Amino acid sequence: MLDPQGAFFVRDHQLISASEETKIPAESLLIYEVVRILDATCLFCQEHYNRLKFSAKLAGVELNLSEDEFRSDLQQLIKATNYQEGNVKILMQYHKGTQQFYFFFIAHRYPSAEEYKHGVKADFLKAERLSPQVKIVQENLRHQADQFIQEKGLYDAILVNSSNHVLEGSRTNVFLVRGKEFYTSPAKHVLSGITREKVMACLHELGYSCFEKEIDCESIADFDAVFFTGTSPKILPVAKIGKHSFNVDHKLLRELMLAYDELVAAYLREVLSR
């Protein structure tokens with residue numbers, strides 16, 4: 001069942017009242033994407049559409065939704081709800097050869113100014129996604145991670161595989177900093193988000209090296225700084241992973257945060273000037 005925020009959601013290009021109960025067959029394949037709305041504008045819209053299409057392709061399904069329809073459905077939802085900011089989930093339900101598409105605002109929590117300043121807590125969780133490159137709803141992993149986060153009072157859990165390699169957050173991607181070098185798990189092992197890709201592009205523009213490398217969780221203390229990336233957190237410093245503390249004021253990390261914010265601002269200026 002959907003849990004849309006606001007008065008409406010969009011189903012197959014039609015505006016539907018949020019009071020209408022929608023049941024999705026349990027055996028359905030559910031492929032999703034989450035986009036951030038700022039100033040009533042979808043951030044990095046084309047990239048998110050391409051990501052949804054890529055996920056469907058990896059799952060063996062040809063996406064029956066054009067980029068124009070993707071954009072139109074988002075704008076219809078934004079106009080109907082009158083939300084200027086928030087997160088929208090795009091859900092493709094694939095069942096018995098047919099596709100249905102849902103667009104709806106979801107509950108979100110953006111980090112506070114204090115969290116950006118002082119960082120957040122995380123810890124390692126032995127778990128990994130099935131087919132990590134495909135954005136498929138995996139309820140068991142979500143429940144396991146949410147319970148772990150709540151019990152330990154964390155911002156996010158960092159998934160670790162059977163080889164003790166650091167993968168990603170349950171809702172985020174993870175980067176580590178040592179000296180002037182940045183590290184993150186290889187894309188083939190994680191759900192590579194659009195923010196992750198944009199951060200890597202920012203690092204390239206800034207002239208810093210970023211290596212996609214398998215990092216043993218036992219070596220975490222060898223790094224100076226750690227941060228999460230994602231649709232909601234953007235770039236968020238991590239103060240502690242378990243008992244290990246990290247420098248949330250690392251000069252390169254703070255420089256990167258400013259560069260990413262400027263990238264977002266430039267994108268919005270360009271879109272809104274059209």
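Heads up: these notes are all about the structure in this document. Quick caveat, the model's predicted, so the values are computed rather than measured.

**Concerning the overall build of the chain**
Tallying secondary structure elements over the chain gives six helices and 15 strands in all. The C-alpha radius of gyration of the chain comes to 19 Å, within 12% of the 19 Å expected for a compact globule of 274 residues. Seen through its principal axes, the chain has C-alpha atoms that stretch 50 × 45 × 30 Å. Across the 274 residues in the chain, those meeting the buried criterion constitute 49%. Approximately 13,500 Å² of the chain is accessible, and the part contributed by carbon and sulfur atoms is 47%. Across the chain, the 32 positively charged side chains and the 37 negatively charged ones have centroids separated by 2 Å.

**Considering unusual backbone geometry**
Phi is positive for Asp12, which is not a glycine, with a value near 50 degrees. Turning to its location among the elements, Asp12 is positioned in the loop between β1 (5–11) and β2 (14–17). When its relative accessible area of 27% is taken as the criterion, Asp12 is described as partly exposed. With a phi close to 60 degrees, Ala40 is a non-glycine residue in the positive phi region.

**Quick look at the state of the cysteines**
A full pass over the atoms with the stated rule returns zero disulfides. Not engaged in a disulfide, the cysteine Cys217 finds its nearest cysteine sulfur in Cys210; these two sulfurs lie 20 Å apart. Overall, the relative accessible area of 10% leaves Cys217 in the buried class.

**Description of the layout of surface pockets**
What the second largest pocket holds in volume is close to 210 Å³. For the second largest pocket, the full set of lining residues is Ala40, Thr41, Cys42, Cys45, Gln46, Glu47, Arg71, Leu74, Gln75, Tyr267, Val271 and Arg274. Partitioning the lining of the second largest pocket into residue classes produces six nonpolar, three polar and three charged.

**Concerning the side chain of Thr81**
Positionally, Thr81 belongs in helix α2 (residues 67–81). For Thr81, a relative accessible area of 12% puts it in the buried group. Reaching out from Thr81, the side chain makes a polar contact with the backbone oxygen of Leu77 at a distance of 2.8 Å. Setting aside chain neighbours within four positions, we find Thr81 in contact with Phe8 and Phe105.

**Topic: the packing of helix α1 (residues 45–58) against α2**
Packing of α1 against α2 leaves a shortest axis separation of 10 Å and a crossing angle of 120 degrees. By the angle between their axes, α1 is oblique relative to α2. The element α1 and its partner α2 pack so that their crossing is right-handed. Between α1, through Cys45, Gln46, His48, Tyr49 and Leu52, and α2, the contact on the second element is made entirely by Glu67, Phe70, Arg71 and Leu74.

**Let's talk about the nonpolar core**
Judged by nonpolar contacts, the single largest core of 64 residues is most densely connected at Phe70, Leu74, Phe103, Phe227 and Phe228. Sorting elements by how many residues they give to this core places helix α6 (residues 251–272) first, with eight residues.

**Brief notes about the sheet that holds strand β4 (residues 41–42)**
Reading across the sheet, the six strands line up as β2-β1-β6-β5-β3-β4 and stay open at both edges, with antiparallel pairing between neighbours. What marks the edges here is a single partner per strand, and that holds for β2 and β4. With four bridges connecting them, β1 and β2 associate as antiparallel partners. Residue pairing across strands places Arg11 opposite Gln14, the latter belonging to β2. The strands touched by α1 within the sheet are β3 (29–38), β4 and β5 (86–95), with β3 carrying the most contacts at an inclination of about 175 degrees.

**As for the pairing of strand β12 (residues 209–212)**
Judged from the four bridges that link them, strand β11 (residues 181–184) and β12 form a sheet pairing that is parallel. Bridging from a neighbouring strand, Glu181 pairs with Ser209 of β12. The handedness of the β11 to β12 crossover, carried by helix α5 (residues 194–206), is right-handed.

Rules and cut-offs
Residues numbered from 1 in each chain as written. Predicted model: local features only at pLDDT ≥ 70, side-chain atom pairs only at ≥ 80, totals over all residues. Heavy atoms only, no water. Helix = DSSP H or I, 4+ residues; strand = E, 2+ residues; numbered from the N terminus. Rg over C-alpha atoms; globule rule 2.2 N^0.38 Å. Buried < 20%, exposed > 50% of the residue type's maximum accessible area, 1.4 Å probe, protein only. Areas by Shrake-Rupley, 256 points an atom, 1.4 Å probe, with all protein chains shown as cover. Lys, Arg positive; Asp, Glu negative; His and termini not counted. Charge placed at Lys NZ, Arg CZ, Asp CG, Glu CD. Disulfide = S-S within 2.5 Å. 1 Å grid on protein atoms, 1.4 Å probe; cavity = no way out; pocket = protein on both sides within 12 Å on 5 of 7 lines; lining within 4 Å. Points joined across faces, edges and corners; volume = space filled by probe spheres on them. Nonpolar A, V, L, I, M, F, W, Y, C, P; charged D, E, K, R; others polar. Polar contact = N/O pair within 3.5 Å; in protein donor to acceptor, adjacent residues only side chain to side chain. Contact = heavy atoms within 4.5 Å. Axes fitted to C-alpha atoms, helices over the stretch in contact; angles between N-to-C directions. Parallel < 35°, antiparallel > 145°, perpendicular 65-115°, else oblique. Left-handed = near helix turned anticlockwise from the far one by under 90°. Core = buried A, V, L, I, M, F, W, Y, C linked by side-chain atoms within 4.5 Å. Pairing = 2+ DSSP bridges. Right-handed = clockwise from strand over helix to strand, strands pointing away.

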